[in-house]
Every structure is written in C-alpha cells, then in structure tokens.
Amino acid sequence: MKPKKYHTLRVFYETARIAPARFISQYLFASVDGVLFGYSAIQLQVVFDDVIGVSANSVKVSEVVAAIMVFLAMKAGSEIASVISNYLGNQYYQISTEYFLEQINRKLSKVPPLAFESSESLDAFQRAHEGALVARGLLNIIMDIVTFYAPYFFIISNYLFKQKPDLVLIMILFFLPVFLTNRLKRTRHQELEKALASSEREKSTYFDYLAKYEYLRETRTLRATSFFKDLYDKARSSHNQQLVMVREKDLKTDSISKLTVTLGYMLSLALLIGSTVRGQISVGTFAALFAALDGLFLFTEELFVRRLGSYAENFPKLKNLIWLLNLEETHEDEDGPFGFTGIHLKNVCFRYPDSEVDSLNGINLTISQGETIALVGSNGSGKTTLAKIILGLYRPSSGEVFFENVNGARTRQELFRGNATAVFQKFNKYKVGLEDNVRISEIEKNYTEQEIRGVLDAVGFDLEASELADGLQTICSKEFGGTDFSGGEWQKIAISRAIFRERDFVVLDEPTAAIDPIQEHKLYALFADLSKNKTAIIVTHRLASISFCSRIIVMSEGRIVGDGTHEDLLRRSSAYRELWNAGSGHSLLA
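Here is what the cut-offs are and how they apply
Residues numbered from 1 in each chain as written. Predicted model: local features only at pLDDT ≥ 70, side-chain atom pairs only at ≥ 80, totals over all residues. Heavy atoms only, no water. Helix = DSSP H or I, 4+ residues; strand = E, 2+ residues; numbered from the N terminus. Buried < 20%, exposed > 50% of the residue type's maximum accessible area, 1.4 Å probe, protein only. Contact = heavy atoms within 4.5 Å. Areas by Shrake-Rupley, 256 points an atom, 1.4 Å probe, with all protein chains shown as cover. Pairing = 2+ DSSP bridges. Axes fitted to C-alpha atoms, helices over the stretch in contact; angles between N-to-C directions. Parallel < 35°, antiparallel > 145°, perpendicular 65-115°, else oblique. Left-handed = near helix turned anticlockwise from the far one by under 90°. Nonpolar A, V, L, I, M, F, W, Y, C, P; charged D, E, K, R; others polar. Core = buried A, V, L, I, M, F, W, Y, C linked by side-chain atoms within 4.5 Å. Patch = residues over 30% accessible without salt bridge, like charges linked within 9 Å, V, L, I, M, F, W, Y side chains within 5 Å. Salt bridge = Lys/Arg side-chain N within 4 Å of Asp/Glu carboxyl O. Polar contact = N/O pair within 3.5 Å; in protein donor to acceptor, adjacent residues only side chain to side chain. Phe/Tyr/Trp six-rings, centres within 6.5 Å; stacked < 30°, edge-to-face > 60°.

*Asks:* When you look at the overall build of the chain in this model, what are you seeing that I'm missing?
*Replies:* Each helix and strand counted, the chain has 17 helices and ten strands in total. Looking at the chain as a whole, 46% of its 590 residues qualify as buried. For the chain, contacts bridging at least 24 residues in sequence account for 76% of all contacts bridging at least 6. For the chain, the exposed area adds up to about 30,100 Å²; of that, 56% sits on carbon and sulfur atoms.

*Asks:* I tried to follow the sheet that holds strand β3 (residues 372-377) on my own but got confused; where do I start?
*Replies:* As a general point, the strands of a sheet are linked pairwise by backbone hydrogen bonds and lie either parallel or antiparallel. Spatially, six strands are ordered β6-β7-β8-β3-β9-β10 in an open sheet, and the strand pairing comes out mixed. Both edges of this open sheet fall to β6 (420-423) and β10 (559-564), since each of them pairs with a single strand only. On average, each strand axis in the sheet is inclined to that of its neighbour by 15 degrees, with strand direction left out of account. Examined bridge by bridge, strand β7 (residues 505-509) and strand β8 (residues 535-539) share five bridges and lie parallel to one another. Residue pairing for β8: Phe 505 is matched across the bridge by Thr 535. Sheet strands touched by helix α16 (residues 574-582): β3, β9 (551-556) and β10. Its angle to β9, the strand with the most contacts, is close to 95 degrees.

*Asks:* Looking at this structure, I do not really get the packing of helix α12 (residues 449-458) against helix α13 (residues 487-500). What am I missing?
*Replies:* Where α12 meets α13, the closest approach of the two axes is 9 Å, and the angle between their N-to-C directions is 125 degrees. Between α12 and α13, the crossing angle belongs to the class labelled oblique. Crossing geometry of α12 relative to α13 is assigned as right-handed. Here Ile 452, Val 455 and Leu 456 of α12 lie close against α13, whose contacting residues are Ser 496, Ile 499 and Phe 500. Split by residue class, the contact of α12 with α13 holds five nonpolar, one polar and no charged.

*Asks:* Whenever I open this one, the nonpolar core confuses me. Can you help?
*Replies:* Considering soluble globular proteins, one finds that nonpolar side chains tend to be buried as a cluster. If you look at the biggest cluster of nonpolar residues, it comprises 54 residues, and the most contacted ones within it are Leu 160 and Leu 318. Taken together, the elements giving at least two residues each to this core come down to α1 (8-16), α2 (20-55), α3 (61-108), α4 (119-163), α5 (165-211), α7 (225-277) and α8 (283-325). In terms of residues, this core owes the most to one element, α8, which gives 17 residues. In this structure, Phe 461, Ile 495, Phe 527 and Trp 580 belong to the second largest nonpolar core, which totals 40 residues.

*Asks:* Would you mind going over a nonpolar patch on the surface with me for this structure?
*Replies:* On the surface, Val 61, Val 65, Ile 68, Met 69 and Leu 72 cluster together into a nonpolar patch covering about 450 Å² of accessible area. Here Met 69 lies in helix α3. Since its relative accessible area comes to 53%, Met 69 is described here as exposed.

*Asks:* Explain the side chain of Glu 14 here, please?
*Replies:* Tracing the backbone shows Glu 14 in helix α1. Among the polar contacts made by the side chain of Glu 14, one reaches the side chain of Tyr 6 at a distance of 3.1 Å. Look past the residues within four positions of Glu 14 in its chain and what remains in contact with it is Lys 4, Tyr 6, Tyr 99 and Phe 100.

*Asks:* Explain the pattern of salt bridges here, please?
*Replies:* Any two side chains of opposite charge can pair, on the condition that their charged atoms come close. If you walk through the whole model with that rule in mind, you get 15 salt bridges. The residue Glu 328 makes a salt bridge to Arg 395 at a minimum N-O spacing of 2.9 Å. You can see Glu 328 sitting in the loop between α8 and β1 (340-350) and its partner Arg 395 sitting in the loop between α9 (383-391) and β4 (398-405), a full 67 residues away along the chain. You can call Arg 395 partly exposed: its relative accessible area is 35%. When salt bridges with common partners are traced through the structure, they connect Lys 229, Asp 233 and Arg 236 into a single cluster.

*Asks:* What is the right way to read the side chain of Lys 107 from this model?
*Replies:* One can find Lys 107 in helix α3. A polar contact is formed between the side chain of Lys 107 and the backbone oxygen of Leu 325, at a distance of 3.0 Å. Apart from the residues within four sequence positions on either side, Lys 107 is in contact with Leu 324, Leu 325, Asn 326, Leu 327 and Glu 329.

*Asks:* Just to check I follow, could you spell out the packing of aromatic side chains for this structure?
*Replies:* Two aromatic rings, taken as a pair, are described by how far apart their centres are and by the angle between their planes. Under the definition given, this model contains 20 aromatic pairs. With a centroid separation of 6.4 Å and 0 degrees between ring planes, the pair formed by Phe 148 and Tyr 152 is classed as stacked. Here Phe 148 pairs with Tyr 152, and both are found in helix α4, just four residues apart, close to one helical turn. In this structure, Phe 148 and Tyr 152 share a single accessibility class: buried.

*Asks:* For this particular structure, what's the right way to read the pairing of β8?
*Replies:* In summary, the side chains of a regular strand alternate between the two faces of the sheet. For β8, a buried count of five out of five residues is recorded, marking the element as mostly surrounded by other parts of the structure. Of the two faces of β8, both are covered, the one formed by Thr 535, Ile 537 and Val 539 as well as the one formed by Ala 536 and Ile 538. Here β3 pairs with β8 via four bridges, running parallel. Across the sheet, residue Ile 373 finds its bridge partner in β8, namely Ile 537.

Next comes the structure, spelled out in structure tokens:
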C-alpha cells in the first residue's frame, strides 16, 4: 500500500479527525461567540439611543430596560460560548499532541537506522518533536479566524461601513503592513529553527553528562564536571545569542506593527469625534461606534500581531514534523521467509553521513547457510559496519546486498532482519524489569518464567547472588526504585536477549567485551553450541575465542584482505599473522 503523503492540509485534516464531534462542537461555540460578541456592540447603539430618548421623553423606560436586557443576554451568551469553546480546545490540544507524538514514535521506529548517524537528521528529529506540540495550535488559529474572527469582523465592518465607510478603508490601509511584517517573521523563524536545533541538542547532551546518573560516577571521579559545564555554558550562550538576535528583530517588527495600528486607531477616533461635532452622527451612535471600533482594533491587533505572529513563529516547526512523517520507512516489522541459502554482497561500498571517506570499499562476499564466520581486524577496520550491512541495518552507498531463500527468490535486507538475532558491543540497558529486559527481543512470544530463568542461567547470570528484591520483576535501574548491575552482568542480560529470540541467523559483535576470561570461555562454548545448524557471524578482535568458527574473514581499512581457515590465513595473510602474533591466546586456538 502506498504510504500517505503529508503536507500542511493533511496534518490539519488528521488533527480534525482525531475526535471530530468534539472538534466541530468547539468551533460551533466559537462561531456563536463571534456572532453574539459582534451584535452586542451594535446593540449598544440601541441602548445609548434609548437612554438619550428617555431624557427627551421620546422613549419609554421599559424599552430601555428591554434593550439593556438584550445586550446583557448577548454578552452572557458570548461569554458562555467562549468558556465552553476554550474548555473543549484545551482538551483537544492534549489529545492531538498525544496523537502526533505517537505518530513520531511510530515513524522513528521505521526510519532507516543510518539516519541516526547524521547530525543534520538528529537536529531535524528534535525539531519535528516540537512540530507535534504546535500542530494543534496552528490549526486552532486558522479555525478561530474562520469561526470567531471572521463572523465578528464581518458584522462590525458591515456596521461601520453603513455608519461611516471611511473607517473600513482606514482599517484596511493600516493593517496591511501588519500582515506583511508577519510574513517576514515567518521566514525569519524558519531560519532560526534550523540554527537552534544543533545548539539545543548540544545543550541537552552536556546537561545529561552533568546531571544523569549513568554519567555521574565517571564525571565526578575524573573531575570532569567543570569541563562539561563550560561546554554546556558555551552551547547555552550560542543558543541564547541566536534567540536574542531574532527576538530583537521581532521586537522592532512588532513595534512598527503596533505603531501602525495605533495611528489607525487615533485617525479613526478623530474621524468619529469630527463627525459628532458636525452633527453627522448622534452621541449614541458615537458611543456605539467608539465601542465597536475599540473592540475591532483590539481583536485585529490580537489576531494580526499576537495570533498570526505566533503562527509565523511556529509554522517552521510544523514543516519539520511534515518532513519527518514523509521520510522513507523500512519494513523491519515484516518477516521474510525463514529459509535461505545464501547472503551475497557485490561491490559493496559504504560511507557514513558527514564523512568524507568510505568505511567499506569494494566488498564482495558470499555467506552460505550453516557457516559460522569470524570477522576479525584492528579497531576501525570496518568489522561492525559490515555486520550492520549484512543485518540490513544500513544500506550500502553503492553495490548490492541480497538474500537468497530456498526457492531461489531474493529477499530485501529489511525483511531478512526479521529472521536475525544479534548482540552488539554497545548494547542497551533498558530501565524496565529484568524479565522485560530479556523478552523485549521477542515481545509476542509465549513463554514461561522458567524459560526466562533458563536463558539467564545459560549465560551465567546469577539470579540468587543479584539484588533482586522483586525477582524477575525487579526494575533494572536505581532511578526507579530498582537495582543496577555491573557491566559484565548487563552484557549477560544483553546476550540472553539474543538467545531468547530464536532465529537461524546470529550476529555477535564483541559479545563478551565486559566479561571476565573464565565466563568468556564458557559463553563462547555456549555460542558454539547455539551456532550449530545456524548461520553465525562473530565480530571480535580476540582470536583465541573463535576456535569454533569454520571460516575467518580478515578486514583492514574497510576491505577484505583475508578469507579462509586459521591455518590457511597464517600461511597466506600477513594482516592475519600480525593480528595473531599481537594476541596472547594463540595456544588456546592451536
């Protein structure tokens, strides 16, 4: 099915259809408010004329009372409609914000992982989050214009035009510059949004280093607090300087707008006074026109300076939300066919965003079903990047990757990922229950508590020795009233996640980096057992740990420089011999 294409109208449409009955009700009451508020100003002339008529004995007191009662009923109706409309609007704001934040989270779960390697994309993601917060407010401004301001302006302008046509012309002439300055502000804030995102992200990151639990021990021990505080202060200063610069320009623009409105108001008032002095309009008409004019200028300034000014400031944030919602999605929530005969990489090159050099260059590789392969090489040689390409997390910059199933058909990278499980060197420490930390890799799977305990026991996680006040339900974070674990224990939890997700293809990226040698030896024995009848890739620089691998691929500077068994590579590959001789575990492998 073709994905929806988002644009401004699409976002507004989706906002309205979240709760259509409530949405329509809000603006029906807003329309009632606008109409009653407008006619109450006109009714004021009737009240003034009747009061003057009583003093001249041409109008009865009862008629004055009736006119006042009608006026008060209109004002009361307007206020009640306004309160109900605002109440419904506040509720709707919460609902629509939650809806778009959910859409952002859904989208981010489907955005290609490579997008998170780009600083520009990370800035845009943050700005899109702000767009979710303002989408409802922007639509509210438009709907208020249509349902409240438009009826009110039409009623009052028509009334003023009948009484004094010159007043309407003055209004148009003096509010046109206000409209133009708002367009200028909109362009200015679009540029500001892009400029602020980077410094905002830096500021947030440095603040985390200063205040978050997982960083405190190291930053305090190393006495790095002052260093990160200086970085935070610089980021905050840069952020504030850009903000102040735009705010100063906005202040000048708004000052011109308000001065223009004030001049128009004074000119209109002078015109009214002159007409009254010359006897062209009555005192009652003057009072009513003055009240109507005062309300008109008040609402016009509110609309053009404050409401449309807010629209100009926040519209760029909405554009960022639209940009995110239109990003290409992966299909990782779909599972491809489980059986496959080979993984093929042809002339694959890969370059990270913001980088000027390739991390992988000219990779040609075929992996057959059932092979257990070790990817070895020095740091930065491209091992982990190649593993992520094979997993379908990254797409190659050039070249081709495809997976061939048992029927000879090809499967896309993203679909193949559903058939894989992995342990990464930089694993996640989820601040949820221990049981959830394991089963999160296969959330739909039916399981028993004994299975969870069995998986944890298999990787050497000691449930009895650990401080688990609530057993498997213990939260894995002291921040939330639970407990924390050592780096090695956390790595065992990460490995248990991969084992719990039973798949035919396994990737282990430095899976034992934080584990002591004795436990490491036991875990690699477990990996050897788990890899039987499966396809496995082990990324490591510890050559002593790969005795169970049937094939070793040596990488250097993003290229494959060796491919074979341990004995073959010792004879043929100088790069492998160098790695082997630099290690201390060759006796274990030999």
